[in-house]
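Chain residues, written in single-letter form:
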Amino acid sequence: MLYRENGQFKISYADDQQILPILQDRWFMLALLAFAYLGLPALASDYTLRALILPFLILAIAAIGLNILVGYCGQISLGTAAFMAVGAYAAYNIVIRAPVLNFIVVLFLAGGVAALVGVLFGIPSLRIKGLYLAVATLAAQFFVDWMFARVKWFTDYSPSGSVSTAPIEMFGWKVESPLDKYLLVLTLAVVLTLAAKNLVRGHIGRSWMAMRDMDVAAEVIGIRPLYAKLTAFAVSSFYAGVAGALWGFVHLGAWEPLAFNINLSLNLLFMIIIGGMGSLLGAYFGAAFIVLLPILLNQIPGWFGIPIDVALASHLELIIFGSLIVFFLIVEPHGLARLWAIGKEKLRLWPFPH
Amino acid sequence: MTLTALQRNWPVVALIAALLAGAAAPLVFGLSAPGFYLEVLLGGLMSGVLYSLVALGFVLIFKASGVFNFAQGAMVLFAALALARMSEVMPLGIAFVLAIAIMALFAWLVERLVLRHLVNQDAVVLLMATLGVTYFLDGFGQMVWGSDIYQIETGLPKTPILVLEKVFDGGILINSEDFVAAAVAGLLVLALAIFFQKTPTGRALRAVADDHQAAQSIGIPLNRIWVIVWTVAGFVALVAGMVWGSKLGVQFSLSLIALKALPVVILGGFTSVPGAILGGLIIGVGEKFAEVFLAPIAVQQFDLAGGGIENWFAYVLALLFLLVRPEGLFGDKHIDRV
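Residues numbered from 1 in each chain as written. Chains lettered and ligands numbered in written order. Predicted model: local features only at pLDDT ≥ 70, side-chain atom pairs only at ≥ 80, totals over all residues.

Participant: Give me the overall build of chain B: which residues, what numbers.
Facilitator: Tallying secondary structure elements over chain B gives 13 helices and two strands in all. Taking as baseline every contact in chain B between residues at least 6 positions apart, the subset at least 24 positions apart corresponds to 73%. (Helix = DSSP H or I, 4+ residues; strand = E, 2+ residues; numbered from the N terminus. Contact = placed C-beta atoms within 7 Å.)

Next comes the structure, spelled out in structure tokens:
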């Protein structure tokens, strides 16, 4: 009853083109943003912000990047963590070599470096397709893992191979407490999501989708595969790079190359598949699911007071995680975003069945 | 091959020539003694055989069901764990048969609970489903069988033998176990070839691989074929697990060899059994050569913190191949139609 677009007429071009065409959706989004900026800081403890919300937001940014590549452009990538690593190490090197730069500038430069590397590893996509490409992107993963572990320059000749960062400071604002970090990451996530939304509904996003749906047909109607595929790789890697820099500087603080290993890549792929391919909202759903699930699984035995030994718990976690993923794929292969869309559709008709 | 065929395939010819040149380079530039060179070559071939075994499992499943089975590595680990733990309490032969039964049960469960519900889904969804199966198997296997390092006692001689002492200075050191492993792998491939070419089931499998719909319309039961092919892949995984396990001990890192087998599969072509074998040998030798001959030079030249280039060398090698032949060495050539 409450959720209707009746009487909301689109009387200008701008009305017709807006991102959220239904008034109630706009109010919901405003309420959500208000809650994120005002409600959550007041309600959530430091632990919740640091251990749950921060990784969720940062991984959501990376998942948006991967979704642009896989969900919108149809190029399966198993190497996202590599581009995150490039972003993180690029940011680290920029900070220690040019400390005067503002952190925002550093972030965007790091994203730019990651985008360049992404384009480099995206070049094979012009020739290799589908699952062959998926395996070929693993080359990026293993090469980058190796590079940051072995080439000493990247880690500033640190003897252990791990790097650590100083707290971020910009515009006189020292980003130190979990709340500060949260606000920084939240703002970036909002800005980047908005940018991604506008990219995917514009000319470039449409050429990505045409590439995904049928590359030969897209080429026939005049979309250049070189341009479409490489921009997808560049934008995707840019997002991954920014997310990687945030992961290193804001979430971890100190890290070693193992922080960006293949498991992270696979988890990101899980996020967009469980969340929903080709949906920005899905990236958030998926990130929430994958971040929360292991923590939840760890907590459950404690709630019931069942003593459980650590090895068994970690094995059980693997079993449940694997089963749930298969379960979700079977029940809703189009992801949580599809469930959300179905829910909205039902709400519009409620209380009538159709 | 006629001359025109050679001319048409010149990129492949050029690549193979470059590969051979790369392989011969250590000898030509005098980086190693001929004896040592042969030892490295043999070592590479041996590990290549083992990569081929794992890759074979991938190829079988991909051919019959179009599923890119990421769980192959986990299956190797699971089968090896089952075999190792059961052989502690019973003779190896009985344990082996029981392990086959377990893998068949696993194949049936996968078909029943996972694949049947995901017919007609995207390739990437199927890939992720097998990743889910991987997590499950890793957890389940270690929970049931334990997560220590176990030994499989195959009763094979482990003493290294020296051969060709007369030809080379000091002779060549060869692990006799490796020879048995290579022989087992060869026998397995032969048995599979006969199974695929000569038996009715094998014919049905090939029909399904060619065209799912056509096969179904002439009465080949797809579901049963999938169970069979996953069982065969499970059997291959068991053999691979036994060979690797008896060499290095059965432990969690065994499941990571799936990642080593992936470049083998793309190099050989997803749909080609000979491709998996040849690809395995190329990757095995290439990797060993890179680690032994190339890595020290790289470390010296660029002041690296240690070699370890074998982690990515196989992938880069496979990538180079793919740039020349996007469908792998022997994969089906794909013609896109609108």
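There is more to say, and it comes next.
Participant: Can you lay out the overall build of chain A for me, pointing to particular residues and giving the numbers?
Facilitator: A count of helices and strands for chain A gives 14 helices and four strands. The C-alpha atoms of chain A give 21 Å as radius of gyration, which agrees with the globular expectation for 354 residues (20 Å, within 12%). Taken over the C-alpha atoms alone, chain A extends approximately 65 × 60 × 45 Å along its principal axes. The proportion of buried residues among the 354 residues of chain A is 44%. (Rg over C-alpha atoms; globule rule 2.2 N^0.38 Å. Buried ≥ 20, exposed ≤ 12 C-beta atoms within 10 Å, placed from the backbone.)

Participant: Which residues make up the interface of chain A and chain B, and what values go with them?
Facilitator: Each partner contributes to the interface: chain A provides 41 residues, whereas chain B provides 43 residues. When contributions to the side of chain A that touches chain B are tallied by element, the ones reaching two or more residues are α6 (130-150), α9 (215-220), α11 (262-275) and α13 (310-331) of chain A. In terms of residues, the side of chain A that touches chain B owes the most to one element, α13(A), which gives 13 residues.

Participant: Could you give an account of the packing of helix α5 (residues 103-122) of chain A against helix α10 (residues 225-252) of chain A, with specific residues and numbers?
Facilitator: Helix packing for two helices is described by the angle between their axes and how far apart those axes are. Residues and elements named next belong to chain A. Running from N to C, α5 and α10 point in directions that differ by 140°, and their axes come no closer than 7 Å. When the axis of α5 is compared with that of α10, the two are oblique. Read as a crossing pair, α5 and α10 show a hand that is right-handed. Contacts between α5 and α10 pair Leu107, Ala110, Gly111, Gly112, Val113, Ala114, Ala115, Val117, Gly118, Val119 and Gly122 from the former with Lys229, Leu230, Phe233, Ala234, Ser236, Ser237, Phe238, Ala240, Gly241, Val242, Gly244 and Ala245 from the latter. Residue composition of the contact of α5 with α10, by class: 14 nonpolar, eight polar and one charged. (Axes fitted to C-alpha atoms, helices over the stretch in contact; angles between N-to-C directions. Parallel < 35°, antiparallel > 145°, perpendicular 65-115°, else oblique. Left-handed = near helix turned anticlockwise from the far one by under 90°. Nonpolar A, V, L, I, M, F, W, Y, C, P; charged D, E, K, R; others polar.)

Participant: Mind laying out the environment of Asp211(B), listing which residues take part and the relevant values?
Facilitator: Residues and elements named next belong to chain B. Following the sequence through the fold, aspartate 211 ends up in the loop between α8 (200-210) and α9 (212-217). Given 10 C-beta atoms within 10 Å, aspartate 211 falls into the exposed group. Along the sequence, aspartate 211 and isoleucine 309 sit 98 residues apart, while their C-alpha atoms lie 40 Å from each other.

Participant: Now, about the packing of helix α3 (residues 34-65) of chain B against helix α11 (residues 257-268) of chain B: what can you tell me, with residues and values included?
Facilitator: All names here are of chain B. Between α3 and α11, the least distance of the axes is 8 Å, while the angle of their chain directions is 70°. Between α3 and α11, the crossing angle belongs to the class labelled roughly perpendicular. Viewed along their axes, α3 and α11 form a crossing whose handedness is right-handed. When α3 is examined against α11, the residues Tyr51, Ser52, Val54, Ala55, Phe58 and Val59 are found in contact with a partner set consisting of Ile257, Ala258, Lys260, Ala261, Val264, Val265 and Gly268. For the contact of α3 with α11, the residue count by class is ten nonpolar, two polar and one charged.

Participant: Describe α11(B), with residues and values.
Facilitator: Over its twelve residues, α11(B) extends 17 Å from the first C-alpha to the last, a length consistent with the 16 Å expected when each residue adds 1.5 Å. Summarising burial for α11(B): eleven of the twelve residues are buried, a large majority. Those residues of α11(B) lying buried are Ile257(B), Ala258(B), Lys260(B), Ala261(B), Leu262(B), Pro263(B), Val264(B), Val265(B), Ile266(B), Leu267(B) and Gly268(B). Here the buried face of α11(B) lies against α6 of chain A together with α3, α4 (72-86), α10 (222-248), α12 (273-302) and α13 (310-324) of chain B. At the exit of α11(B) stands Gly269(B), carrying a positive phi of roughly 105°. (Expected span 1.5 Å × (residues − 1).)

Participant: Describe in detail the confidence of the model for chain B, supporting the description with residues and values.
Facilitator: All names here are of chain B. The predicted model of chain B averages 80 in pLDDT, with 86% of residues at 70 or higher. The weakest mean pLDDT in chain B belongs to strand β1 (residues 160-163) at 67; the strongest belongs to helix α5 (residues 92-113) at 89. Interface confidence for the predicted complex, given as ipTM, is 0.82, next to a pTM of 0.87. (pLDDT = per-residue confidence, 0-100.)

Participant: Summarise the environment of Leu57(A); cite the residues concerned and give the values.
Facilitator: Position of Leu57(A) relative to the elements: it lies in helix α3 (residues 46-72). Residue Leu57(A) is classed as buried on the basis of its 27 C-beta neighbours within 10 Å.

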